[in-house]
Amino acid sequence: MKTLLALVLILAQAPPDVDIVRDVEFGKGGERALKMHLVKPKTPPKEPMPVVVYIYGGGWKAGSRDAGIRPLSRLAAKGYFGASIEYRLSQEAKFPAQIEDCKCAIRFLRAKSKEYGIDPDRIGVWGPSAGGHLAALVGTSGGVKELEGAGGWADQSSRVQAVADWFGPTDFLKMGQNKIDHDAANSPESQLIGGAIQENKEKVAKANPITYVTKDDPPFLIMHGDKDDLVPLSQSEMLLEALQKAGVDSKLTVLKDQGHGFRGGNPEEPVEAFFDRVLRRATK
């Protein structure tokens, strides 16, 4: 009964002109299947669609791919193809398992581009918090073989063409102590890498999107609240500084009086405008 109710609530989030295809297997995470939800227009456009991959947040230890259905439905109603993906959580596997799973999902979509009617050269990623961290890492680590993993579709590229990062952590060593003690051995960041972050600086560097920034990275839109008491605004400022120093098309939008998670307003609008500018420009 609870499962049926949850399904009804999820389907209710989708506009009438949007289709949801649930639990599509896209690869392997270790020994188990990884799945995604597809969110797409009921009547697809004639031209191949741009793609947005949604990566949910939850401290790398909680969350669900169901979280991407509502934001992706807004995009699908405008002619985008959406994929809300899962990844192995930190209690199941330590970093880099999470980024490997995200990259596998992108490779899968490229492999299936003709079947799905999507453009393999116009793929964006979007995520909040831990999902923002992974989205940023996908964006900066294109071509980094040690983060690709063996989930499947090895003949495809995991590079993306646009990144929307909502209040994602970057340098775990500089998170400090706010709502939680990020340096503690049981912090989300420490659980992700498998040890206290200040005692595992090399592992932390491998998980930092800033480590991999190069001039050929895709455009970035970073959004962060100025009252965030979980992930400091400085985390996004450091990422922006590194991207701009490398000459990457990047912007940080600071939302006034907003905390972690964004409450009220319509923060999706700048993201949609960003994807329209970057992913649709090839068709104009």
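A brief structural summary. What you are looking at is a predicted structure, and each value in this text was computed from that prediction instead of being measured.

Quick notes on the rules
- Residues numbered from 1 in each chain as written.
- Predicted model: local features only at pLDDT ≥ 70, side-chain atom pairs only at ≥ 80, totals over all residues.
- Heavy atoms only, no water.
- 1 Å grid on protein atoms, 1.4 Å probe; cavity = no way out; pocket = protein on both sides within 12 Å on 5 of 7 lines; lining within 4 Å.
- Points joined across faces, edges and corners; volume = space filled by probe spheres on them.
- Helix = DSSP H or I, 4+ residues; strand = E, 2+ residues; numbered from the N terminus.
- Nonpolar A, V, L, I, M, F, W, Y, C, P; charged D, E, K, R; others polar.
- Pairing = 2+ DSSP bridges.
- Axes fitted to C-alpha atoms, helices over the stretch in contact; angles between N-to-C directions.
- Contact = heavy atoms within 4.5 Å.
- Salt bridge = Lys/Arg side-chain N within 4 Å of Asp/Glu carboxyl O.
- Buried < 20%, exposed > 50% of the residue type's maximum accessible area, 1.4 Å probe, protein only.

Side note on the layout of surface pockets
Approximately 300 Å³ is the volume found for the largest pocket. What lines the largest pocket is a set of 19 residues, among which Y54, P128, W166, G261 and F262 lie closest to the centre. Looking at the lining of the largest pocket, the elements with two or more residues in it are α2 (69-76) and β5 (118-128). Looking at the lining of the largest pocket residue by residue, the classes come out as nine nonpolar, seven polar and three charged. Here the second largest pocket is characterised by a volume of approximately 200 Å³.

Notes on the sheet that holds β5
Hydrogen bonds between backbone atoms are what pair the strands of a sheet, whose relative direction is either parallel or antiparallel. Read from one edge of the open sheet, eight strands run β1-β2-β4-β3-β5-β6-β7-β8, paired in mixed fashion. Each having just a single partner strand, β1 (18-29) and β8 (250-255) make up the two edges of the open sheet. Strand after strand, the sheet turns through a mean of 20 degrees between neighbouring axes, direction not considered. With six bridges connecting them, strand β7 (residues 220-225) and β8 associate as parallel partners. Bridging from a neighbouring strand, I222 pairs with L252 of β8. On the sheet, α2 packs against β1, β2 (32-41), β3 (49-55), β4 (81-85) and β5 and is oriented at approximately 40 degrees with respect to β2.

Some thoughts on the pattern of salt bridges
Evaluation of the coordinates by the stated rule reveals 20 salt bridges. Between E148 and K103 there is a salt bridge, with its nearest N and O atoms 3.5 Å apart. Note that E148 is positioned in the loop between α5 (130-140) and β6 (162-166) and K103 in helix α3 (residues 97-111), a separation of 45 residues in sequence. We classify E148 as buried; its relative accessible area is 16%. Look at K103 and you get buried, because its relative accessible area is 0%.

Digging into the environment of I180
Among the secondary structure elements, I180 is positioned in the loop between β6 and α6 (188-193). For I180, a relative accessible area of 29% corresponds to the partly exposed category. In this structure, the C-alpha to C-alpha distance between I180 and D229, residues 49 residues apart in sequence, is 8.8 Å. Excluding residues that lie within four positions of it along the chain, I180 makes contacts with P188 and L230.

Side note on the pairing of β1
Two strands pair when backbone bridges link them, and β1 and β2 are joined in this way by nine bridges, in the antiparallel orientation. Residue pairing across strands places D19 opposite K40, the latter belonging to β2. Linking two consecutive strands that pair antiparallel, namely β1 and β2, is a turn of two residues; a positive phi of about 70 degrees is found at G30 within it.

What to know about α2
Buried residues dominate α2, accounting for six of its eight residues. Residues I69, P71, L72, S73, L75 and A76 constitute the buried set of α2.

Brief notes about the environment of P120
Here P120 lies in strand β5. For P120, a relative accessible area of 26% translates into the label partly exposed. Each C-alpha atom of the pair P120 and R159 lies 9.8 Å from the other, and the pair is 39 residues apart in sequence.

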